[in-house]
Amino acid sequence: MPVALAAVLVLVLAAVGIAVVRPGPVADWLGDEPADRTAARAAEPAPVAVLAGADPNAPRPTPEGVRAALEPLLGQEVLGSRVNISVVDVNTGDPLYTRGGDDPTVPASVTKLVTAVTVLAARGPTYRIPTRAVAGASPGEVVIVGGGDPTLAVDKQGFYPGAARLDDLAAQVRKALGGTKPTKVTVDGSLYSGPVHEPGWDEDIPFNGYGSAITALMTDAARTDVPRAKRDDANGNHAAQRAREPDLAAGRSFARLLGVPTDAVKRGTAPAAADATGGAPGPGAELGKVESLPLNRMVDIMISDSDNIVAEALARQVALARNKPASFKGGAAAMDAVVAELGLPADEIDLADASGLSRDNRISPSLLTDLIVLAGNGSRPELAVMFGGLPVAGWSGTLADRYDTAAKAGAGVVRAKTGTLTGVHALAGVVTTADGRLLSFAVLTDRVPAVDTDIPRQALDRVVAALAACGCR
């Protein structure tokens, strides 16, 4: 499997003490193909250690030691009246501390850990999502069939490096049509069903730059100004202006590539393919196909940048793999089913979406720590892909600017998914103790008072940093 699986599987490799290292240039890591691959490799800097290798023979923390380290911090007023937590030893799977550990709690974006594990279990890390073009019912009509790839780009300037591209698809179509000139583009997004916005989302979410309508066809996760989005993303701002109708926006981009007027773009469905009889492609005949990044890379993107649109698309892949409707409800039901298949406590999870934007989601801290241990204990190696994108405290992703001052002990040794909604803060992942023991943790708070979001985040960081600073024996 690609670099993420080989280099950063913290937990599977923990037993042999392998360190996690900083990847090379991000564009190359995500799949861009430089013109001169040899020169690109020669210029790549040597890896720099980020997380120390965990030692499976390190002294095991005791429940009493963990309790002594954590409980003085769990009563911080800024964390609110309900702080539910679970801490588990990764090597043994033994619980070390729990408080409300089995209580379903609003998880915010740590929901994406469940999304990652369930899509990897259902589809596998190397699966790629197709986007197809087929001949329409009338001569010159081209139907673009959305397969649910949110990273699809218009051209090589797309937001996600290495993504499938509409200009490649258009070139295939022109070749397949021969002398027939395209005159009309029909957008088929019928793979998805149900509402395009989850009913439990806050009113501003579809239009605040972090969410969008969820459609089977879109480009650049519905971003309308990709150059600006790239600049903002480089500065740590993952919000972006999004198209109100992503499917039609993508269809118009495809039409321009084919030389079709954008007013000739309509929604519809592809005709059923007829038996080939020679000559020009008949209705339903495939004219071209492009395939997404493999799912392991899409999982990395979803987790490292907390990409909500990618998360919702991956949940629909779980639904399709389990023969359920590709919708919010179908995705949630399929994810619940896969959680049960994996032997995890499915009665401790109740989902409405896959991104964590919905306040109707409920997950227990202990389910999250069990899930992390399962992904890392080597019994299901395909699940370990999820660790590649986990932010590192003080270094990358949504933890890049955290774990300084009072939480400094966690910098570089905490790797976790963050979660934030108004009144909700969560953190779940792995931490290496001062003695080198690897622990899984999940801390969820969903009754946080109305204060500046940095204040409860810092309080949460201090809780996890306490695990990093102690041997807890």
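Further up the page is the structure itself.
This one's a predicted model, so the numbers in the text were calculated from it and none came from an experiment.

1. Side note on the sheet that holds strand 14 (residues 438-445)
One open sheet holds the 5 strands; their spatial order is 4-3-14-13-12, and the pairing between them is antiparallel. At either end of the open sheet lies a strand with only one pairing partner, and these are strand 4 (95-99) and strand 12 (414-421). Neighbour-to-neighbour, the strand axes of this sheet turn through a mean angle of 5°, independent of strand direction. Of the pairings in the sheet, the one linking strand 3 (residues 83-89) to strand 4 comprises 4 bridges and is antiparallel in character. Considered in strand 4, the bridge of S86 is made with T98. Along the sheet face, helix 5 (residues 63-74) touches strand 3 and strand 4 and points at about 30° away from the line of strand 4.

2. Points about empty space enclosed by the protein
This structure, assessed with the given rule, holds 5 cavities of 30 Å³ or more. In this model, the largest cavity occupies a volume close to 90 Å³. Contributing to the lining of the largest cavity are 13 residues, with R223, H238, R242, D305 and D307 lying nearest its centre. The residue makeup of the lining of the largest cavity, split by class, is 5 nonpolar, 3 polar and 5 charged.

3. Focus on the packing of helix 6 (residues 111-123) against helix 12 (residues 328-341)
For any two helices packed against each other, the geometry comes down to the angle between their axes and how far apart the axes lie. The N-to-C vectors of helix 6 and helix 12 enclose an angle of 75°; their axes lie 9 Å apart at closest approach. By the angle between their axes, helix 6 is roughly perpendicular relative to helix 12. Residues V114, T115, T118, A121 and A122 of helix 6 form the contact with helix 12, whose own contacting residues are M335, V338 and V339. Among the residues forming the contact of helix 6 with helix 12, the class breakdown is 6 nonpolar, 2 polar and no charged.

4. Focus: the pattern of salt bridges
One pass over the structure, following the stated rule, counts 18 salt bridges. Here D89 ties to R437 by a salt bridge, and the two come within 2.6 Å at their closest N and O atoms. Here D89, found in strand 3, pairs with R437, found in the loop between strand 13 (424-432) and strand 14; they are 348 residues apart in sequence, far enough to count as distant. Owing to a relative accessible area of 6%, R437 belongs among the buried residues under this scheme. With its nearest N and O atoms 3.9 Å apart, the salt bridge here joins D307 to R223. Residue D307 is located in the loop between helix 10 (295-304) and helix 11 (308-321), and its partner R223 is located in the loop between strand 7 (184-188) and helix 8 (226-234); the two are separated by 84 residues in the primary sequence. When sorted by exposure, D307 lands in the same class as R223, which is buried.

5. Observations concerning the nonpolar core
Ranked by internal contacts, the top residues of the largest apolar core, which has 75 residues, are V114, L371 and M386. Elements with a contribution of two residues or more to this core: helix 6, helix 8, helix 10, helix 11, helix 12, helix 13 (365-376), strand 13 and strand 14. Not counting chain neighbours up to four residues away, the residues in contact with L371 comprise L113, V114, V117, L344 and M386. One finds A69, L399, V464 and A466 within the second-largest nonpolar core, a separate group that totals 31 residues.

6. Examining the state of the cysteines
If you walk through the whole model with that rule in mind, you get 1 disulfide. Each sulfur of the disulfide joining C470 and C472 lies 1.6 Å from the other. Each of the two residues, C470 as well as C472, counts as buried.

7. A closer look at a negative patch on the surface
On the surface, D102, D103, D347 and D370 cluster together into a patch of negative charge. By the secondary structure assignment, D103 is in the loop between strand 4 and helix 6. With a relative accessible area of 35%, D103 lands in the partly exposed category.

8. Comments concerning a positive patch on the surface
Taken together, K184, R252, R256 and K266 make up a surface patch of like positive charges. Residue position: R252 is located in helix 9 (residues 246-258). For R252, a relative accessible area of 31% corresponds to the partly exposed category.

9. A few points about helix 13
The terminal C-alpha atoms of helix 13 lie 17 Å apart, and with 12 residues this matches the ideal 16 Å at 1.5 Å per residue to within 8%. Counting buried residues along helix 13, 11 of its 12 residues qualify, which places the element largely inside the surrounding structure. Among all positions in helix 13, only P365, S366, L367, L368, T369, L371, I372, V373, L374, A375 and G376 are buried. Note on helix 13: the residue one or two positions beyond its end, G378, has a positive phi of about 90°.

10. Things to note about the pairing of strand 6 (residues 141-145)
The buried fraction of strand 6 is high, at 5 of 5 residues. Where burial is concerned, the two faces of strand 6 agree: the one with E141, V143 and V145 and the one with V142 and I144 are both buried. Pairing of strand 5 (residues 130-135) with strand 6, which is carried by 4 bridges, proceeds in the antiparallel orientation. Following the sheet pairing, R132 is matched in strand 6 by V145. Between the end of strand 5 and the start of strand 6, which pair antiparallel, lie 5 residues, with G140 showing a positive phi angle near 85°. Of the strand pairs in this sheet, strand 6 and strand 7 are connected by 5 bridges, and their pairing is parallel. Looking across to strand 7, one finds that V145 is bridged to D188.

Thresholds, definitions, all that
Residue positions within a chain follow its written sequence, with the count starting from 1. Where local features are concerned, this predicted model is filtered to residues with pLDDT of at least 70; where side-chain atom pairs are given and counted, the filter is 80 or more; whole-chain, interface and lining totals use all residues. Hydrogens and water are ignored here; the side-chain numbers use all heavy atoms of the structure. When DSSP finds at least two bridges between two strands, those strands are taken to pair. Labels follow the DSSP assignment, with helices taken as runs of H or I lasting at least four residues and strands as runs of E lasting at least two, numbered in each case from the N terminus. Only the stretch in contact is used when a helix axis is fitted, and all axes are lines through C-alpha atoms; the angle between N-to-C directions ranges over 0 to 180 degrees. In what follows, residue pairs with any heavy atoms lying within 4.5 Å of each other are defined as contacts. Of the two site types, the cavity is a set of points on a 1 Å grid over the protein atoms alone where a 1.4 Å probe fits but cannot get out, and the pocket is an open set with protein on both sides within 12 Å along at least five of seven lines, each lined by residues with an atom within 4 Å of a point. Grid points are joined across faces, edges and corners, and a volume is the space filled by probe spheres set on the points. Charged means Asp, Glu, Lys or Arg here, nonpolar means Ala, Val, Leu, Ile, Met, Phe, Trp, Tyr, Cys or Pro, and polar covers whatever is left, Gly included. Relative orientations are named as follows: roughly parallel for angles under 35 degrees, roughly antiparallel for angles over 145 degrees, roughly perpendicular for angles from 65 to 115 degrees, and oblique for any other angle. When a carboxyl oxygen of Asp or Glu lies within 4 Å of a side-chain nitrogen of Lys or Arg, that pair is called a salt bridge. Partly exposed residues are those whose accessible area sits between 20% and 50% of the maximum for their type, while under 20% is buried and over 50% is exposed, using a 1.4 Å probe and protein chains only. In this description, a nonpolar core means a group of buried Ala, Val, Leu, Ile, Met, Phe, Trp, Tyr and Cys residues linked to one another through side-chain atoms lying within 4.5 Å. Here, the term disulfide refers to a pair of cysteine sulfur atoms separated by no more than 2.5 Å. Patches in this entry comprise residues that are over 30% relatively accessible and not in a salt bridge; like charges within 9 Å are linked, as are nonpolar side chains (Val, Leu, Ile, Met, Phe, Trp, Tyr) within 5 Å. We get accessible surface area from the Shrake-Rupley algorithm with a probe of 1.4 Å; when it comes to residues, only the shown protein chains can shield them. The convention is simple: Lys and Arg are positive, Asp and Glu are negative, and His and the chain ends are not counted. Charged groups are reduced to one reference atom each: NZ for lysine, CZ for arginine, CG for aspartic acid, CD for glutamic acid. Multiplying 1.5 Å by the helix residue count minus one yields the expected span of that helix.

Everything listed here is a matter of coordinates, which is why it stays silent on function.
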